[in-house]
Structures are given as C-alpha cells and as structure tokens.
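Here is how the chains run, residue by residue.
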Amino acid sequence: MRIRVLAAASCALAVSACATTATSPACRAPAPHEMQAFMAVISHNSGLLAQQLAPGAVADAFAASDPQLTSHIWGSQGVTRGSVVGVLSRPPLCVIDDPRSQASDAERQILVYPQNEYQSLRPAEGTPLELAPAFPYGVERADYITCRFSQTASGWKLADACGFRGYTPVVTG
C-alpha cells in the first residue's frame, strides 16, 4: 500500500512539474519620453517628431521627407493599417519592455500594442507553455510595433521611428 501511495505521489509531482503554464509579459503605460514621441506621430506634428528623433540615419531621412519613412510612420493615401500611427491610434496602449533585447543606459527597445489587441492575442491564463504562441504575439506593424529609444544629450529619443528598416537599393549591372 505504501509503495502505491509513493508511486502516485511521484506521478502527481512529475505531472505538475511538466504542466508549466505560459506567463505573458505585463503591460505598462508609456513613459513620458515615449508618450512625447507617440503624441508627435498621432498628431501628425512633423516638427515635434523631428525633435523626438535621435540623431542619425532615421532623423536624416525624416528631415529629407523620405517617402518610405513617412509612409511607415503615417501610412499612405489615407491607409494607416500597417503604419506606426495605425497602431498608436488605438488607445489605451500596452507597452512592454522587449525581453528579446538587452536594455542598457544607452538604448532600450519596447513593444507597443493597443491594449485590446494584446489582451486578445496573449495566451489565456493557465495555457500550457507548449501550447502558447511565441512572444511577441501577433504580426509586427499590424498588431504591435517595436520602438528603439537611445539616450542622447537631451534625453531619450526615438532611434528607429518604431521599426523603420529603410531599404537597400538593388544594384544591377
């Protein structure tokens, strides 16, 4: 009898150890520097957005009115789906410090979801880890955006216009 009880207890312990559940990263509100950049995008305020960009290639492309960059930020021909403003215009926002990127005193990367979108995409409480979707949940630029901020002499500034990767010209010949 004692052996059966020990065997049953061992099996129960083994099953509970394997039944690890997925835990979703917690949302937070945007930090003041993040909100300033987001408000510049939402309000279509080019001057304010230029002030919120870190010096570098993205800021230079923005100053030159690069059409790919402006389309990435504000959409094109009235279509904002897949743009930064398309995601930011669905408050309240859910900001998550990106666990895939090591934060430092010089650079930080975040994920930004509309809160309702995040709630619908994250695994339900108690979902076994092996059945949970990989993080981040959803499709970048449709369900969420990634934004990298760099520390500058004037504070934290948006370094990548929330995921802008530019383009590489095709060289032929």
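Higher on the page you've got the structure.
Treat the numbers as computed from the prediction; the structure is a model and nothing was measured.

Undergrad: Explain the packing of aromatic side chains to me, please; I cannot follow it from the model alone.
TA: Taken as a whole and assessed by the stated rule, the structure comprises 5 aromatic pairs. Summarising the aromatic geometry, the rings of Y118 and Y137 are spaced 6.0 Å apart at their centres and angled 35° between planes, so their arrangement reads as tilted. Here Y118 is found in helix 7 (residues 115-121), whereas its partner Y137 is found in the loop between helix 7 and strand 3 (145-152), with 19 residues between them in sequence. The exposure class of Y118 is buried, given its relative accessible area of 1%. The class of Y137 is buried, set by a relative accessible area of 4%.

Undergrad: Explain unusual backbone geometry to me, please; I cannot follow it from the model alone.
TA: When glycine is set aside, most residues are seen to have a negative phi, and most peptide bonds are trans. In the segment running from P91 into P92, the intervening peptide bond is cis, with an omega of -5°. Residue P136 is bonded to the preceding F135 through a cis peptide linkage, with omega at 0°. Tracing the chain through its elements places P136 in the loop between helix 7 and strand 3. Residues other than glycine seldom take positive phi values, yet S65 does so here, at roughly 55°. With respect to the helices and strands, the residue S65 is situated in the loop between helix 4 (57-63) and helix 5 (67-74). Of note in the backbone geometry, Q77 takes a positive phi value of approximately 50° without being a glycine. Position of Q77 among the secondary structure elements: in the loop between helix 5 and helix 6 (84-88). On the accessibility criterion, Q77 (82% relative accessible area) is exposed.

Undergrad: Looking at this structure, how should I read the pattern of salt bridges?
TA: Oppositely charged side chains can pair when the atoms bearing their charge come close. Overall, the coordinates contain 5 salt bridges when judged by the stated rule. Note that E34 and R28 form a salt bridge whose closest N and O atoms lie 2.9 Å from each other. A relative accessible area of 27% means that R28 is categorised as partly exposed. The network of salt bridges with common partners includes R28, E34 and D97.

Undergrad: I keep staring at the state of the cysteines and nothing clicks. Help me out?
TA: Here a disulfide denotes one covalent bond, and it connects the sulfur atoms of two cysteines. Per the stated rule, a full pass over the model turns up 2 disulfides. Note that C27 is cross-linked by a disulfide to C94, the S-S spacing being 1.9 Å. Taking the torsion about the sulfur-sulfur bond, which here is approximately -85°, the covalent link between C27 and C94 counts as left-handed. Of this pair, C27 sits in the loop between helix 1 (2-18) and helix 2 (32-42) while C94 sits in strand 1 (residues 93-97), and the two are 67 residues apart along the sequence. Accessibility expressed as a relative area gives 0% for C94, which makes it buried. The residue that forms a disulfide with C147 is C162, at a sulfur-sulfur distance of 2.0 Å. Judged by the torsion about the S-S bond (100°), the C147/C162 disulfide is right-handed. With C147 in strand 3 and C162 in the segment after strand 4 (155-158), the pair connects residues that are 15 residues apart, well separated along the chain. For the pair C147 and C162, a shared accessibility class is recorded, and that class is buried.

About the cut-offs
Residues numbered from 1 in each chain as written. Predicted model: local features only at pLDDT ≥ 70, side-chain atom pairs only at ≥ 80, totals over all residues. Heavy atoms only, no water. Phe/Tyr/Trp six-rings, centres within 6.5 Å; stacked < 30°, edge-to-face > 60°. Helix = DSSP H or I, 4+ residues; strand = E, 2+ residues; numbered from the N terminus. Buried < 20%, exposed > 50% of the residue type's maximum accessible area, 1.4 Å probe, protein only. Salt bridge = Lys/Arg side-chain N within 4 Å of Asp/Glu carboxyl O. Disulfide = S-S within 2.5 Å.

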